[in-house]
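Below are the chains, spelled out letter by letter.
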Amino acid sequence: MIKETKSTCCYCGVGCGVIISSQNDKIIDIKGDPNHPANFGRLCTKGSTLHLTAKLDNRLLYPEMRLTREATRKRVSWDDSLNYLTEQFAQTIEKHGPDSVAFYISGQLLTEDYYVFNKLAKGLIGTNNVDTNSRLCMSSAVAGYKATLGSDAPPACYEDIDATECLFITGSNTAFAHPIIFRRIEDAKAKNPNLKIVVVDPRRTDTAQMADLHLTILPGTDVALYNGMLHVMLWEGLLDMAFINAHTNGFDALKDTVREYTPKMVADICGIKEADIITAAKWFGKGPSLSMYCMGLNQSIHGTDKNAALINLHLATGQIGKLGAGPFSLTGQPNAMGGREVGGMANLLSAHRDLANPEHRAEVAKLWGVESVPATPGKTAIEMFDAVKEGSIKAIWIACTNPAHSMPDVNNVITALQNAELVVVQDAYNNIDTNQYADVLLPASTWGEKEGTVTNTERRITRVNPAIPTPAEARHDWAIMVDFAQRLEKRLAKNSNLFPYITTEEIFNEHRETTRGRDLDITGLSYDLLNEQGPQQWPFKAGDTTGAARLYTDGVFQKPDGKAQFVNALYKG
């Protein structure tokens, strides 16, 4: 008999719903979930071939360990591997302090996995050295949102694609990177021929081919372009001064700055026509305008300025919190958002709390039942491997990511892994590049076996259900970490029982409680509701019947005075 199980695709931040067909504990087919609001049954090439990844070729099935670098890893039991790791971590912490260990994790993990890693590092061990490969793609978007709007929260949603009159795509080849969103853009254009699509990209991409206006700016000149558009909007009277005066701070300083960014000056910097800058500004200013952006803005030394300068355009025209409008950062990974929601990064805490804020640290410590959360920010992804290389981090635990392949300056990372006193790799596959540097290899579950939740690019939380059991001795990431954490608690003589979890639902419920009263309040959600009513957007407070499609509809932002902040971004070459 064929069993059907609802889950999500594990590839990108669109968060498409899938229905997995399995038989005799084997995945045999995949189809899109017609009722999932992210994709309504559509799947891209990668999603539609997901079932082909469920073979056991190259799966890591048993723990492996070596006691010296010269030795060959041998198969061991879970008890042997976790007891060894407990002793090694405990000794390292006792001898060199909590910051001598680190965890490098992944936007492919589920929210519940992330939660346990984060609590283990910050709550039990007492280090903020937990960071993720999401740092490499989303940190500029996060910083841009926080600087302007006050919170790491995309204010728009997929529905806005259907209602916008100006779609401004910048730093994203959506057709290639987020195909299902692109199909929705095509549908919107077919239904509304008046929809203006502006694509900003130095390259003539698949996305640019359907643009009404393609701005082929010189690489890295984005801030000049946005400031130039704002200059034109000022000149043409396209700004919403009532919105600016009532809901924002900092406009006067920005106005002085953009006075210099004439169409002529910006055309010279960006290598495009003056007339095209004016056209783009007029279309955007008329609205409703939705911007979509991705790694072209984020992966830059000026990434935060680029994000903020684009958001300035929305604040200046009041194009936010409305149907068809808003700055919409496209997430690269399937659960980068979920990881940030639980605070699973070196400078964050649960539920969008800031590590630098003493009150926030005290709140989390109270929620967890620990004396304190460490105040010093942990090492971010790049810094973490630098610290491993120079020896201040002795032991590193890597889960669900392949830094020996995917980190920038990969030779530096390889040197770091060779220098480390202890490298733990927790992964589903036996053939990833990082494995060769592992002293201990731990077999984890993968797509189709995992259970928990993920959050997609429009703040929508989807329940991930397992279609088949884990093969051989592979375990879920959260379960591995709970087992390790319980052992470490005993070894460090901490009688706190911080990790009593038997199911993912218990972890989710604890995470849910940390969000109470926060901007991403999900106290109205439960596994039962997600299973019965389908994926939901946050915030979803207790008593709500549905989540919020759009944020800031009331013009109140996540800043102390409730006002958004214009960032005075200057173009730097």
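In what follows, the structure referred to is the one given above.
Residue indices follow the written sequence of each chain, beginning from 1 at its first position. Residue-level local features of this predicted model are given only where pLDDT is at least 70; pairs of side-chain atoms are given and counted only at 80 or more, and the full residue set underlies all totals for whole chains, interfaces and linings. Note that the side-chain values use all heavy atoms of the structure and ignore hydrogens as well as water.

## Let's talk about the side chain of Arg361
Here is the rule we go by: Segments assigned H or I by DSSP are reported as helices when at least four residues long, segments assigned E as strands when at least two residues long, and all are numbered from the N terminus. Summary of the burial criterion: residues with accessible area below 20% of their type's maximum are buried, those above 50% are exposed, and those between are partly exposed, where the area comes from a 1.4 Å probe applied to protein chains only. Charged residues are defined narrowly, with Lys and Arg counted positive, Asp and Glu counted negative, and His plus the chain ends left uncounted. When a carboxyl oxygen of Asp or Glu is within 4 Å of a side-chain nitrogen of Lys or Arg, the pair counts as a salt bridge. Contact criterion: two residues are considered in contact whenever any of their non-hydrogen atoms come within 4.5 Å of each other.
Along the chain, Arg361 falls in helix α16 (residues 358-368). For the buried residue Arg361, which engages in no salt bridge, the nearest side chain bearing the opposite charge is Asp354, 9.8 Å off. With sequence-adjacent residues up to four places away left out, Arg361 is seen in contact with Leu349, Leu355, Ala356, Val373, Pro374 and Ala375.

## Details of the pairing of strand β16 (residues 395-399)
Counted only if it meets this: Here a strand pair is declared whenever DSSP counts at least two bridges between the two strands.
With respect to burial, β16 is a largely interior element, five of its five residues being buried. Side chains Ala395, Trp397 and Ala399 project from β16 onto one buried face, and the interleaved Ile396 and Ile398 project onto a second face that is buried too. Summarising the sheet, strand β6 (residues 101-105) and β16 pair through four bridges and their orientation is parallel. In the sheet register, Tyr104 faces β16, and the bridge partner there is Ile398. Sheet analysis places β16 next to strand β17 (residues 422-427), joined by five bridges and oriented parallel. The partner of Ala395 across the bridge, within β17, is Leu422.

## Overview of the sheet that holds β6
What counts, and what does not: Whenever a helix is involved, its axis is fitted only over the stretch in contact; in every case the axis is a line through C-alpha atoms, and angles between N-to-C directions fall within 0 to 180 degrees.
Ordered by their spatial adjacency, seven strands build an open sheet running β5-β4-β18-β17-β16-β6-β7, and the pairing between neighbours is mixed. Only two strands of the sheet have a single partner each, and these edge strands are β5 (74-75) and β7 (130-132). In this structure, β17 lies alongside strand β18 (residues 440-443), joined through four bridges in parallel fashion. What sits directly across from Val424, in β18, is Val440. Together, β6, β7, β16 and β17 form the strand contacts of helix α3 (residues 111-125), whose direction differs from that of β6 by roughly 165°.

## Details of the packing of helix α4 (residues 135-148) against helix α14 (residues 303-317)
For the record, the criterion: When an angle is under 35 degrees it counts as roughly parallel; over 145 it counts as roughly antiparallel; between 65 and 115 it counts as roughly perpendicular; any other value is oblique. Crossing chirality is assigned from the near helix's rotation relative to the far helix, an anticlockwise turn below a right angle marking it left-handed and a clockwise turn marking it right-handed. Residues are grouped as follows: nonpolar covers Ala, Val, Leu, Ile, Met, Phe, Trp, Tyr, Cys and Pro; charged covers Asp, Glu, Lys and Arg; every other residue, Gly included, is treated as polar.
Taken N-terminus to C-terminus, the directions of α4 and α14 make an angle of 45°; their axes are 8 Å apart at the nearest point. In terms of orientation, α4 and α14 fall into the oblique class. For the pair α4 and α14, the crossing hand works out as right-handed. Contacts from Ser140, Ala141, Ala143, Gly144, Tyr145 and Thr148 of α4 reach α14 at Gly303, Thr304, Asn307, Ala308, Ile311, Asn312 and Leu315. Looking at side-chain class alone, the contact of α4 with α14 contains six nonpolar, seven polar and no charged residues.

## Some remarks on the nonpolar core
It is characteristic of soluble globular proteins that their nonpolar side chains tend to be buried jointly. Counted only if it meets this: Among buried residues, those of type Ala, Val, Leu, Ile, Met, Phe, Trp, Tyr and Cys that are joined through side-chain atoms within 4.5 Å constitute a nonpolar core.
Judged by nonpolar contacts, the single largest core of 62 residues is most densely connected at Leu149, Leu215, Leu225, Met229 and Leu315. Sorting elements by how many residues they give to this core places helix α8 (residues 222-236) first, with eight residues. Residues within four places of Leu225 in sequence aside, it is in contact with Val200, Leu215, Ile217, Val266, Cys270, Ile272 and Ile277. Judged by nonpolar contacts, the second largest core, of 50 residues, contains Leu120, Ala399, Val424 and Phe484.

## Examining the environment of Lys95
Here Lys95 is to be found in helix α2 (residues 78-96). When its relative accessible area of 66% is taken as the criterion, Lys95 is described as exposed.

## Some details on the pattern of salt bridges
Any two side chains of opposite charge can pair, on the condition that their charged atoms come close. What the rule picks out here adds up to 33 salt bridges. Across the salt bridge formed by Glu449 and Arg59, the nearest N and O atoms sit 2.8 Å from each other. With Glu449 in the loop between β18 and β19 (452-455) and Arg59 in the loop between α1 (45-48) and β4 (64-65), this pair connects stretches of sequence that are 390 residues apart. The pair formed by Glu449 and Arg59 is uniform in burial state, with each residue classed as buried. Glu513 serves as the salt-bridge partner of Arg516, at 2.8 Å between the closest nitrogen and oxygen. Take Glu513: its relative accessible area is 35%, and that puts it in the partly exposed class. Each of Asp79, Arg475, Asp483 and Arg487 takes part in salt bridges that share partners, so that together they form one network.

## Topic: unusual backbone geometry
Cis geometry is adopted by the peptide bond preceding Pro288, which originates at Gly287 and carries an omega value of -5°. If you trace the backbone, Pro288 turns up in the loop between α12 (274-286) and β12 (289-293). Trp538 connects to Pro539 through a cis peptide bond whose omega is 0°. For Pro539, the position within the fold is in the loop between β21 (536-537) and β22 (564-565). At Arg459, a residue that is not glycine, the phi angle is positive and equals roughly 65°.

## Some points on a negative patch on the surface
To keep it simple, the criterion reads: Surface patches are defined over residues having more than 30% relative accessible area and no salt bridge, joining like charges when they lie within 9 Å and nonpolar side chains (Val, Leu, Ile, Met, Phe, Trp, Tyr) when within 5 Å. The protein chains shown are the only cover counted for residues, whose accessible areas, like all others here, come from Shrake-Rupley with a 1.4 Å probe. One atom stands in for each charge, and that atom is NZ of Lys, CZ of Arg, CG of Asp or CD of Glu.
There is a patch of like negative charges on the surface, built from Glu383, Asp386, Glu390 and Asp409. Following the sequence through the fold, Asp386 ends up in helix α17 (residues 381-390).

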